[in-house]
Amino acid sequence: MGSVISKATYDLVWQAFTKWTQAELDKGRAVNVAGFGIIGYEELRDNMRIPFIKLSENFLGSHGLEYKPEMADFRRVKTDIKTQPAYASIAKSVDVEKGTFQTVLGNIFQVTGE
């Protein structure tokens, strides 16, 4: 039987992931989360960005989702410079095992799809 992951661990992992993702966005990089999508931003002006998530075809299909035509225009979304999440280093920064870190994020994304 697997171990139960505490709410505190979920909170810790989510906070670490969002902090790391925000740092990447601040550097002008989009984050490509395999099986979920690309977290990027839409640049309205030089100093104004709106975070944006472009869900992957895999994620959409797995959850029976689709974009409405008016939501499917990603031309203004900055996704050209992508980085992959550095799960091991993010997990280490909050003293969580990499496997647990990835499991928690996977669970969060799964619930998001539901």
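First, a word on scope: everything that follows refers to the structure included in this document. (Residues numbered from 1 in each chain as written. Predicted model: local features only at pLDDT ≥ 70, side-chain atom pairs only at ≥ 80, totals over all residues. Heavy atoms only, no water.)

### Quick look at helix α1 (residues 7-26)
Taking 1.5 Å of rise per residue, the 20 residues of α1 would be expected to cover 28 Å, and the 28 Å separating its terminal C-alpha atoms lies within 8% of that figure. Residues of α1 that are buried include every one of V13, A16, F17, W20, T21, E24 and L25, and no others. As for α1, its buried residues are in contact with β1 (30-33), β2 (37-45), β3 (48-55), β5 (82-83), α3 (87-93) and α4 (98-113). In the stretch just after α1, G28 is the one whose phi turns positive, near 85 degrees. (Helix = DSSP H or I, 4+ residues; strand = E, 2+ residues; numbered from the N terminus. Expected span 1.5 Å × (residues − 1). Buried < 20%, exposed > 50% of the residue type's maximum accessible area, 1.4 Å probe, protein only. Contact = heavy atoms within 4.5 Å.)

### Some points on the packing of aromatic side chains
What the rule picks out here adds up to 6 aromatic pairs. Ring geometry for W14 against F17: centres 5.9 Å apart, planes inclined by 35 degrees, an arrangement best described as tilted. With W14 and F17 both in helix α1 and 3 residues apart, the pair spans about one turn of that helix. Given the relative accessible area of 32%, W14 is considered partly exposed. Their ring planes at 55 degrees and their centres at 6.3 Å tell us that Y87 and F101 sit as a pair that is tilted. Of this pair, Y87 sits in helix α3 while F101 sits in helix α4, and the two are 14 residues apart along the sequence. Each member of the pair Y87 and F101 is classed as buried. The structure contains a cluster of three or more aromatic residues connected by ring pairs, namely W14, F17, F36, F59 and F109. (Phe/Tyr/Trp six-rings, centres within 6.5 Å; stacked < 30°, edge-to-face > 60°.)

### Some points on the layout of surface pockets
There is about 210 Å³ of room inside the largest pocket. Forming the walls of the largest pocket are W14, F17, T18, T21, Q22, L25, F36, I39, P51, F52, I53 and F109. Those elements that provide at least two residues to the lining of the largest pocket are α1 and β3. Among the elements that take part in the lining of the largest pocket, α1 stands out by supplying 6 residues, more than any other. Residues of the lining of the largest pocket, tallied by class, amount to 9 nonpolar, 3 polar and no charged. (1 Å grid on protein atoms, 1.4 Å probe; cavity = no way out; pocket = protein on both sides within 12 Å on 5 of 7 lines; lining within 4 Å. Points joined across faces, edges and corners; volume = space filled by probe spheres on them. Nonpolar A, V, L, I, M, F, W, Y, C, P; charged D, E, K, R; others polar.)

### Focus: α4
Along its 16 residues, α4 runs 23 Å from first to last C-alpha, staying within 8% of the 22 Å computed at 1.5 Å per residue. Those residues of α4 lying buried are F101, V104, L105, I108, F109 and G113. On its buried side, α4 packs onto α1, β1, α2 (57-62) and α3.

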